[in-house]
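# Inside the fold
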Amino acid sequence: MAMLDSGPPVDDRILRYIETTERLQRGEYGIEVGVGGGDAVGRLGECLGALSKSLERQYQEFVRLSGMAARINAGLLLDDVLDGVYRDFREIIPYDRLGCALLEQDNQVLRARWARSTQSRVLLDRGYGATMAGSSLEDILRTGRPRIINDLFAYLEVKPHSAATRLLVDEGYRSSLTCPLIANGVPCGFLFFTSVAPGTYASAHVDTFQRIAGQLSVIVEKARLVSELADQKHRIEEQNQRLLQLNEEKNRFLGIAAHDLRNPIGAIGSVAELLLSPEDDVSPEEQRSFLEDIAGQAGYMLRLLDDLLDVSHIESGKLVLNSVEFDPATLLRQAVERHARVAAAKGSRVVLDPARSATVAGDPVRLRQVVDNLISNAVKYSPPGATVRVEAGEEEQGWLVVVRDEGPGLTAADHARLFQDFARLSARPTGGEASTGLGLAISRRIVECHGGRIGARPAPGRGTEFWFTIPRAPLGPPTPQADGRREG
């Protein structure tokens, strides 16, 4: 027995317990209390010993959590943060898979944002989404307490319509821990820990899981906001780059258009001055020739402006395809008849090989524009007396149209510029025909808008074959094609 400063003798154990309590207050945990006796004082010592061990365990857990949180918080982007959680938190929580889902659309939709797994089969992946209304996850957010499912098979039998649970079971997981992410009182999503073994998560550790979720919530939300800002910054930079490219293209278009319009405008002005000059005696035959020249120059300028507007509409996404089902054989036959009359002036022919009727989906007006460009180019670049051959037939993806000329062919440098805007190639029109340099560039855009492909290749013997495809199925997304391209 010991004596205090005053009063009756005190049990030595009481003094030891007072000292233990003072040390615990100073943050000294894991103290050996040295309990003894089966009376009430001994019971008090047992409780102090248990408290000391519990505080030590919680303190060590806090130290580990704080260290992990500090390392994870050093990451800025959400994927980096979640990679850190996946790597470090095995010291506290066992798992074979870690997933993160975030709330969207005013917390009405939960969408999978990130997942890492030891399993090779991943079915519940990024992008998977489900509505929150009526789901069991609503209760988790409302209570703020983690949910433990120690037998996913049994849970699925009770809730067979849970698509996410079924995907996890199909991936091979048997138990799960769902931790709500609530940052500053605002719900932002969930962390899903899953294990291939049943019964991995003990209910006794719910408070620990809750503390972990509380620490991670702020970190994950911060990383999500930083990631969104980074994505927005990237999109803005891409848009700015695109705007700069469009501005450069606009300036280039205006420069080329001004250059190409200067000569015909000058020619029209010169002829008009000549016709208006009282000093010049112009015969009716000369007047007619001058007026025909004015009409030709005006027609060229009109075609150039129409082509520029076509390019502008397609590039801005304003081109509307009026898709219908039609027979491409009829379209080709009519195009060949039109161009045959023009070719006759050069002593040339335009011939259509027999084409079987079929049905394709597309805009016949725009596809006629493509056919007209290819045939007019073939006539334009073939020598007088040549034969331009048009043929078509079915292929695996739809219809293939081929226009074969007897021109000089294409050089390697020509192939590099084919189908580009205002392309100027080595070959020149054999009859002095005018060219805006945009016809084939427009054709490429129209064909790609239809989900088809377009290109060029050497023709057997001499000349060049230009070809394009029309999909048999309804219109799909554009398919860019890097095959040969040529001026129109």
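For the structure itself, look to the data block above.
Quick look at the structure, then. As the structure is a prediction and not an experimental result, all values here were calculated from the model.

### Some words on the overall build of the chain
- Scanning the chain from terminus to terminus reveals 12 helices and 15 strands.
- Sequence-distant contacts in the chain: of pairs separated by 6 or more residues, those separated by 24 or more amount to 66%.
- As displayed, the chain has an accessible area near 25900 Å², and 54% of this comes from carbon and sulfur atoms.

### A short note on the packing of helix H9 (residues 328–344) against helix H10 (residues 364–381)
- At a closest axis distance of 10 Å, the pairing of H9 and H10 adopts a crossing angle of 35°. In terms of crossing hand, the pair formed by H9 and H10 is right-handed. Residues Leu-331, Leu-332, Ala-335, Val-336, Arg-338, His-339 and Ala-343 of H9 pack against Pro-364, Leu-367, Arg-368, Val-371, Asp-372, Ile-375, Ser-376 and Val-379 of H10.
- Class assignment for the residues of the contact of H9 with H10 results in 10 nonpolar, 2 polar and 3 charged.

### What to know about the packing of H10 against helix H12 (residues 439–449)
- At a minimum axis distance of 9 Å, the contact between H10 and H12 shows a crossing angle of 145°. Our pair here, H10 against H12, has a crossing hand that is left-handed. Taking contact as the criterion, the partners of Arg-366, Gln-369, Val-370, Asn-373, Leu-374 and Asn-377 in H10 are, on H12, Gly-439, Leu-440, Ile-442, Ser-443, Ile-446 and Val-447.
- The residue inventory of the contact of H10 with H12, partitioned by class, reads 6 nonpolar, 5 polar and 1 charged.

### Considering the sheet that holds strand S5 (residues 129–131)
- A sheet is described by the order of its strands in space; here 6 strands give the open sequence S5-S4-S3-S8-S7-S6, paired in antiparallel fashion. Strands at the two margins of the open sheet, each flanked by one partner only, are S5 and strand S6 (147–149). The mean inter-strand angle of the sheet, taken between neighbouring strand axes irrespective of direction, is 20°.
- In terms of strand pairing, strand S3 (residues 97–104) meets strand S4 (residues 109–117) through 8 bridges, oriented antiparallel. Across the sheet, the residue bridging to Leu-102 is Arg-111, located in S4.
- Taken strand by strand, helix H3 (residues 78–88) contacts S3, S4 and strand S8 (186–195), and its axis lies near 55° from that of S4.

### Thoughts on the pattern of salt bridges
- Applying the stated criterion across every chain yields a total of 16 salt bridges.
- Notably, a salt bridge pairs Asp-353 with Arg-389, separated by 2.9 Å at the nearest N-O pair. In this pair, Asp-353 sits in the loop between strand S10 (349–352) and strand S11 (360–362) while Arg-389 sits in strand S12 (residues 387–395), placing the two residues 36 residues apart along the sequence.
- The exposure class assigned to Arg-389 is partly exposed, which follows from its relative accessible area of 28%.
- The partner of Glu-465 in a salt bridge is Arg-457, with the nearest N and O atoms 2.9 Å apart.
- Taken together, the shared-partner salt bridges in this structure form one network comprising Glu-391, Arg-404, Arg-457 and Glu-465.

### As for the pairing of strand S15 (residues 464–471)
- For S15, the tally of buried residues reaches 8 of 8 residues, placing the bulk of the element in the interior.
- Pairing of strand S13 (residues 398–404) with S15 involves 7 bridges; the strand directions are antiparallel. Looking at the pairing, Arg-404 lines up with Glu-465 of S15.
- Bridging between strand S14 (residues 454–458) and S15 involves 5 bridges; their strand directions are antiparallel. Along S15, the bridge assignment pairs Ala-456 with Phe-466.
- Counted along the chain from S14 to the antiparallel partner S15, the turn is 5 residues long, and its residue Gly-461 has a positive phi close to 90°.

### Looking at empty space enclosed by the protein
- Applying the stated criterion across every chain yields a total of 1 cavity of 30 Å³ or more.
- Space inside the largest cavity adds up to approximately 40 Å³.
- Together, Phe-326, Pro-328, Leu-331, Leu-332, Leu-367, Val-371, Val-401, Phe-468 and Ile-470 line the largest cavity.
- Those elements giving two or more residues to the lining of the largest cavity turn out to be H9, H10 and S15.
- Among the elements that line the lining of the largest cavity, the one with the most residues is H9, at 3 residues.
- Across the lining of the largest cavity, the residue classes break down as 9 nonpolar, no polar and no charged.

### With respect to the packing of aromatic side chains
- Per the counting criterion, the structure on display carries 4 aromatic pairs.
- Their ring planes at 50° and their centres at 5.9 Å tell us that Tyr-86 and Tyr-95 sit as a pair that is tilted.
- Overall, the relative accessible area of 3% leaves Tyr-95 in the buried class.
- Here a set of aromatic residues connected by ring pairs shows up, and it is made of Tyr-86, Tyr-95, Trp-114 and Phe-193.

### Here's the deal with the nonpolar core
- Judged by nonpolar contacts, the single largest core of 36 residues is most densely connected at Leu-332, Val-350, Ile-375, Trp-399, Phe-466 and Phe-468.
- Contributions of two or more residues to this core are made by H9, H10, S12, S13, H12, S14 and S15.
- For this core, the leading source of residues is H10, giving 7 residues.
- Non-local contacts of Leu-332, meaning those with residues more than four positions away in its chain, are made with Leu-352, Val-371, Val-390, Ala-392, Trp-399 and Val-401.
- Among the nonpolar cores identified, the runner-up in size contains 28 residues, and Tyr-86, Ile-93, Tyr-95 and Ala-223 belong to it.

### Remarks on the environment of Glu-406
- Examined against the element boundaries, Glu-406 turns out to sit in the loop between S13 and helix H11 (412–417).
- Assessed through its relative accessible area of 28%, Glu-406 is described here as partly exposed.
- Taking C-alpha positions, Glu-406 is 9.1 Å from Glu-465, a pair spaced 59 residues apart along the chain.
- Leaving out residues up to four positions away in the same chain, Glu-406 has contacts with Ser-382, Pro-383, Ala-386, Thr-387, Arg-462 and Gly-463.
- From its side chain, Glu-406 meets the backbone nitrogen of Thr-387 in a polar contact 3.4 Å long.

Rules and cut-offs
Residues numbered from 1 in each chain as written. Predicted model: local features only at pLDDT ≥ 70, side-chain atom pairs only at ≥ 80, totals over all residues. Heavy atoms only, no water. Helix = DSSP H or I, 4+ residues; strand = E, 2+ residues; numbered from the N terminus. Contact = heavy atoms within 4.5 Å. Areas by Shrake-Rupley, 256 points an atom, 1.4 Å probe, with all protein chains shown as cover. Axes fitted to C-alpha atoms, helices over the stretch in contact; angles between N-to-C directions. Left-handed = near helix turned anticlockwise from the far one by under 90°. Nonpolar A, V, L, I, M, F, W, Y, C, P; charged D, E, K, R; others polar. Pairing = 2+ DSSP bridges. Salt bridge = Lys/Arg side-chain N within 4 Å of Asp/Glu carboxyl O. Buried < 20%, exposed > 50% of the residue type's maximum accessible area, 1.4 Å probe, protein only. 1 Å grid on protein atoms, 1.4 Å probe; cavity = no way out; pocket = protein on both sides within 12 Å on 5 of 7 lines; lining within 4 Å. Points joined across faces, edges and corners; volume = space filled by probe spheres on them. Phe/Tyr/Trp six-rings, centres within 6.5 Å; stacked < 30°, edge-to-face > 60°. Core = buried A, V, L, I, M, F, W, Y, C linked by side-chain atoms within 4.5 Å. Polar contact = N/O pair within 3.5 Å; in protein donor to acceptor, adjacent residues only side chain to side chain.

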